[in-house]
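Per-entry structural report
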Amino acid sequence: MAMAYHILVVEDEPDTRELLDFTLRWNGHHVDTATNGREALDLLAEHSYDVILSNLNMPEMDGEDLYRRIEHGWPHLAPRVVFVTAARPDPSFRAQYGGRPVPVLMKP
């Protein structure tokens, strides 16, 4: 039996958020969703996650700002962040601690 992960999906586009939520749940994972970075911070204050999938371009707080807040507030979760975007990400964006690039999945 495959391991079920606790995944946070941070996505402002309803169709994409619902598709990710459905697909991940259908594959047996536990999923929480947030429509923006501020909602994600509230969930992070209450739960720990195995994976955090975050859109880069969102209103109120973009994915990069959310990532920086995760780095400072929950540094053990920073390596678990994956950006999901339709736009080309800034190739110079790197984790503050360790300098590694943050993984990016391109939306179709």
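Given the structure is predicted, the values throughout are model-derived calculations rather than measurements. Going along each chain's sequence as written, the residues are numbered from 1 onward. In keeping with the model being predicted, local features are shown solely for residues with a pLDDT of at least 70 and side-chain atom pairs are shown and tallied solely at 80 or more, while totals for entire chains, interfaces and linings include all residues. Just so you know, side-chain values use all the structure's heavy atoms and leave hydrogens and water out.

Strands here mean DSSP runs of E at least two residues long; helices mean DSSP runs of H or I at least four residues long; both are numbered from the N terminus. The helix and strand inventory of the protein chain stands at three helices and five strands. Seen in sequence order, the protein chain has helices and strands lined up from the N terminus as β-α-β-α-β-α-β-β. Within the protein chain, the proportion of its 108 residues that are buried is 39%. Pairs of residues are marked as contacts when any of their non-hydrogen atoms sit within 4.5 Å. Of the contacts formed within the protein chain by residues at least 6 apart in sequence, a portion of 58% connects residues at least 24 apart. Burial here depends on accessible area, computed with a 1.4 Å probe over protein chains only, as a share of the maximum for the residue type. Under 20% is buried, over 50% is exposed, and the range in between is partly exposed.

This part covers the nonpolar core. For this analysis, a nonpolar core means a set of buried residues of the types Ala, Val, Leu, Ile, Met, Phe, Trp, Tyr and Cys, connected via side-chain atoms within 4.5 Å. Core analysis: the biggest nonpolar cluster contains 20 residues, and Leu8, Val10, Leu44, Ile52, Leu66, Ile70 and Val81 have the highest contact counts within it. Contributing elements (two or more residues each) for this core: β1 (6-10), α2 (37-46), α3 (63-73) and β4 (81-85). Examining the composition of this core, we find that four residues originate from one element, α2, more than from any other. Residues within four places of Leu66 in sequence aside, it is in contact with Val10, Gly37, Ala40, Leu41, Ser54 and Met61. Ranked by size, the runner-up nonpolar core spans seven residues in total, among them Ile7, Val9, Leu53 and Val84.

Time to look at the sheet that holds strand β5 (residues 104-106). With parallel pairing, five strands are arranged side by side in an open sheet as β2-β1-β3-β4-β5. At either end of the open sheet lies a strand with only one pairing partner, and these are β2 (30-34) and β5. Neighbour to neighbour, the strand axes of the sheet diverge by 20° on average, direction disregarded. Pairing between β4 and β5: three bridges, direction parallel. Of the residues in β5, the one forming a bridge with Phe83 is Val104. Docked against the sheet, helix α1 (residues 14-26) engages β1, β2 and β3 (51-55), running at close to 170° with respect to β2. Being paired, for any two strands, means DSSP has found at least two bridges between them. Geometry is summarised by axes, namely lines fitted to C-alpha atoms with helices restricted to the contacting stretch, and by angles between N-to-C directions that run from 0 to 180 degrees.

Attention now moves to unusual backbone geometry. Phi is positive for Glu60, close to 70°, though the residue is something other than glycine. Position of Glu60 among the secondary structure elements: in the loop between β3 and α3. By relative accessible area, which is 58% here, Glu60 ends up exposed.

It is worth spelling out the pattern of salt bridges at this point. Salt bridges, as used here, are contacts in which a Lys or Arg side-chain nitrogen is within 4 Å of a carboxyl oxygen on Asp or Glu. Under the counting rule described, the total for this entry stands at six salt bridges. A salt bridge links Glu13 to Lys107, with the nearest nitrogen and oxygen atoms 3.6 Å apart. One end of the pair, Glu13, is in the loop between β1 and α1; the other, Lys107, is in the segment after β5, with 94 residues separating them in the sequence. Exposure remark for Glu13: the relative accessible area of 38% places this residue in the partly exposed category. With a shortest N-O distance of 2.6 Å, Arg25 and Asp21 are connected by a salt bridge.

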